[in-house]
Each structure stands twice: as structure tokens, then as C-alpha cells.
Amino acid sequence: MRYIEPHAHMVSRTTDDYQAMLTAGCAAVCEPAFWAGFDRGTPEAFYNYFLQLTEYEPARAAKFGLPHYTWLCINPKEAEDPILAREVISFIPDFIDKPNVLGIGEIGLNKNSRNELKVLEWHIELAAELDQLILVHTPHLEDKLKGTKLILDALKAHPKIKPDRVIIDHVEEHTVDIVLDRGFWAGMTLYPESKCTPARAIDILENYGTEKIWMNSACDWGISVPLAVPRTALEAKARGYNRRWIDKVIFQNPVNFMKQCKKFKKPDA
Amino acid sequence: MSKSNAKKKSTSSMTRKQILDMYFMDARCKLIDIAAFLDRVERSEGRDDFRIKSFRKAIDEVIGNKKNKARRVLLSLSDPTSKPIAKAPGKGACGAWPGKS
Ligand SMILES: [Zn+2]
């Protein structure tokens, strides 16, 4: 089996995780900028985080022979402070040409507040200006449906944003259709307690097809499973899906989305 | 329930018997866990809050012949409003909508 982990927060994971992922067939890992579980709080902390994502972490992954890509932004959980957000966004262009940066992400909403929406619009504007791909985080639990709709409206409102170049992550049964209907890519996150279980992710594929959709572990500092993607592939196999079907979802689809950024190299796996 | 263009003809790779063979024990375990959770809540001192009220309402979506039960449960636990709120009250979500905002 070969797969791409399109959403993992490796700065929170151990070298054992890297080894386990490689053993399971991981051919590339992509790491969106996210919340640390606590507020970074200052522009300097974000600057250092971007250095970590664009210099230190790809070097750590390279020790295991794993290509590492990243996405940059100030996450929606720290977007209630527009002054901080403005400053962080101002130095994203300094990092955007680094060889492992695929685009702007994971931007989005958390509690669906006005400031969060304003900061989201700034990020969308930046992505349009710099012609970058976008990776979107949709809110958690009871906030997801409303937040997904607000995000889609904000993206659709920008004349330069092409839905083909945007992935809306963390979809579930109540949001996947509105994302695909409007021409965006959809990501399913495999979490033990929230978001999708492996069985539900396969159900969603059965109901909505395998076009413009991927799966990820979104493993981070919380309860999450770095091997969630290959384990879900095994469950799909147990449900009778063949290698081609599985390979499309866990390898080819992520490649097809991310190769829209010239810096992404299709792994030789 | 909105009609979706994205919705393809639903398929299943397995027969009903195969699905039951694969998932029945797991679902049975989760069903008993839910029953035990409700027993535990009812045994405890105090009053229901919006979470358990939403939970009981969501259970109604599971019962009967309605299609797309998972989607219905998720919708019933979701904030149905459409305007951004003035200020984020914190960072977390609790899994049910408190009913104001
Ligand atoms: Zn994430």
C-alpha cells in the first residue's frame, strides 16, 4: 500500500510516528499550520513556528526519507485578535516561496465570530494575491454546519478564487454535499471521537463517490491516530474494495490536488 | 433535507449479511453504551442541560425508517443560525447547540 498523509501536525508527533507511517506506506506528509493547544500569542512565536514548518520539520522528515510539505496561516482559534492576525499575515509572503510550502492553510473558522470571518477573508485575499492553493479547517461539532456555509460563501464571494484549488477539510455527512456541490475538494478527518470514523468515511465515499475527496489523520497533540489513513484503507479492503479504488482515494487524489502547486512532486512510490 | 447534486447513486460493496457480520457486534456494543450512559445520567442528581436534551432529540432521528440517519443526527446537534456571532465566547465546542446566538 502507498498513501499520502495530506494533513498531519508532525511537530507534535514523535520519531516513532514517522517510522510507523513509513512502514505503513506513507510516501509524503503535508502539515498545515495550526493551533498549538495553547495560544502562541505573539508575532514572534508565529515567525518561529513558520521557521519550524519550513526548515526544521522537513529536515526531520528527510531523515526518514519522507517528503514534508506545509501550509501557512494564523489558525482560526487565534483569529479573535485581528491585530495579531494582521501582523502574522504580513510576514507569510516572506515564507511562501520556501520549497515545501504548498499554500495558505489551515484557514477557516472556529466559533464563527465576526473577527474570525474577517481574518479568514484576509487570508483568502492573500491566497488570491499570491496565487496560492488553500486548505480550509471547518469548525468543530455543533459549529461545523454553520461555519462551513459561511466559509463557502466567503470563498465564493472572491472573484479570483477557483474552487478546484481549495480543499475544505473535516467534512462529515451533513457538510460533504454542500462542499462538493459547489465545486470544492473535500477532506475527511479520521478521529476516534469526533469527525469521521473509518467506517463512516467509507460510507461517505459510497454515498458521494471518490472524486475530489481525500482522507487524513490530522494527527496532532490531542487524541488522534497517525496511522488512521492506512487503517481505513484496510477497512475498505475488508469491505471488498480493490487496490485501484483504495489507491485513488489515499494516493492519487491527494497527488492530483496538491500537484496544482508546482513545488509538489509526485512521490515515486 | 436539501437535495444534493454531489449525491451519486449510493452503492455498497457488501450484502446486508456481510455488513451485519462485520459491524453488528460493534454497533451492539455502542448501543448498550448509549443505554448505560442514559441510565447513568438519570441516576445522577441534578437537572438536564441543553446537551442531554439535544441528545434525546437526536436519538429520535435514529429511530424508524428515515434515510440518512447519521446526517440527520449531525444536523439536529448543529447550530441552525446563519449569521456570524459578535465575539467568540472561547475556543471549544461541546457537541450540542446551547440555543442562543
Ligand atoms: Zn489540522
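Every residue gets a number counted from 1 within its own chain, in the order that chain's sequence is written. Following the order in which they are written, the chains are lettered starting with A and the ligands numbered starting with 1. Confidence filtering applies because this is a predicted model: local features only for residues at pLDDT of at least 70, side-chain atom pairs given and counted only at 80 or more, and all residues used for totals across whole chains, interfaces and linings. Hydrogens and waters are ignored; side-chain quantities use all the structure's heavy atoms.

(A) Inspection of the overall build of chain B at higher detail. Secondary structure follows DSSP: runs of H or I at least 4 residues long count as helices, runs of E at least 2 residues long count as strands, and numbering of each begins at the N terminus. Helix and strand counts for chain B stand at 3 helices and 0 strands. Counting from the amino terminus, helix and strand elements in chain B follow one another as α-α-α. We take the radius of gyration over the C-alpha atoms and set the globule estimate at 2.2 Å times the residue count to the 0.38 power. Since a compact globule built from 101 residues should have a radius of gyration of about 13 Å, the 18 Å found for chain B marks it as more spread out than a globular shape. For the C-alpha atoms alone, the extent of chain B along its principal axes is close to 50 × 45 × 25 Å. Summary of the burial criterion: residues with accessible area below 20% of their type's maximum are buried, those above 50% are exposed, and those between are partly exposed, where the area comes from a 1.4 Å probe applied to protein chains only. Out of the 101 residues belonging to chain B, those deemed buried represent 16%. Intrachain contacts of chain B at a sequence separation of at least 6 include 29% that bridge at least 24 residues. Accessibility throughout is a Shrake-Rupley quantity obtained with a 1.4 Å probe, and a residue counts as covered only by protein chains that appear here. As displayed, chain B offers around 7800 Å² of accessible surface, 58% of which is attributable to carbon and sulfur atoms. Contact criterion: two residues are considered in contact whenever any of their non-hydrogen atoms come within 4.5 Å of each other.

(B) Geometry of the interface of chain B and chain A. With 40 residues of chain B at the interface, the matching set in chain A holds 35 residues. We define a salt bridge as a contact between a side-chain nitrogen of Lys or Arg and a carboxyl oxygen of Asp or Glu at a distance within 4 Å. Our count for the chain B to chain A interface comes out at 3 salt bridges. A salt bridge links D39(A) to K91(B); the shortest N-O distance between them is 3.1 Å. Distance and chemistry together define a polar contact, namely a pair of N or O atoms within 3.5 Å, with one atom able to donate a hydrogen and the other to accept it when in protein, and with adjacent residues in sequence counting only for side-chain atoms on both sides. For the pair chain B and chain A, the number of links is 18 residue pairs in polar contact (both at pLDDT 80 or more). Where the side of chain B that touches chain A is concerned, the elements lending two or more residues are α1 (16-43) and α3 (69-76) of chain B. Of the residues forming the side of chain B that touches chain A, the biggest block, 4 residues, is contributed by α3(B). Note on residue categories: nonpolar means Ala, Val, Leu, Ile, Met, Phe, Trp, Tyr, Cys or Pro, charged means Asp, Glu, Lys or Arg, and polar means any other residue, Gly included. In the side of chain B that touches chain A, the residues fall into 17 nonpolar, 14 polar and 9 charged.

(C) The arrangement of unusual backbone geometry in detail. G105(A) connects to E106(A) through a cis peptide bond whose omega is -10°. By the element assignment, E106(A) lies in strand β4 (residues 101-108). Positive phi, close to 55°, is recorded for D131(A), a residue that is not glycine. Position of D131(A) among the secondary structure elements: in the loop between α4 (114-130) and β5 (133-137). Accessibility expressed as a relative area gives 54% for D131(A), which makes it exposed. Within the chain, N68(B) stands out as a residue other than glycine whose phi angle is a positive 55°.

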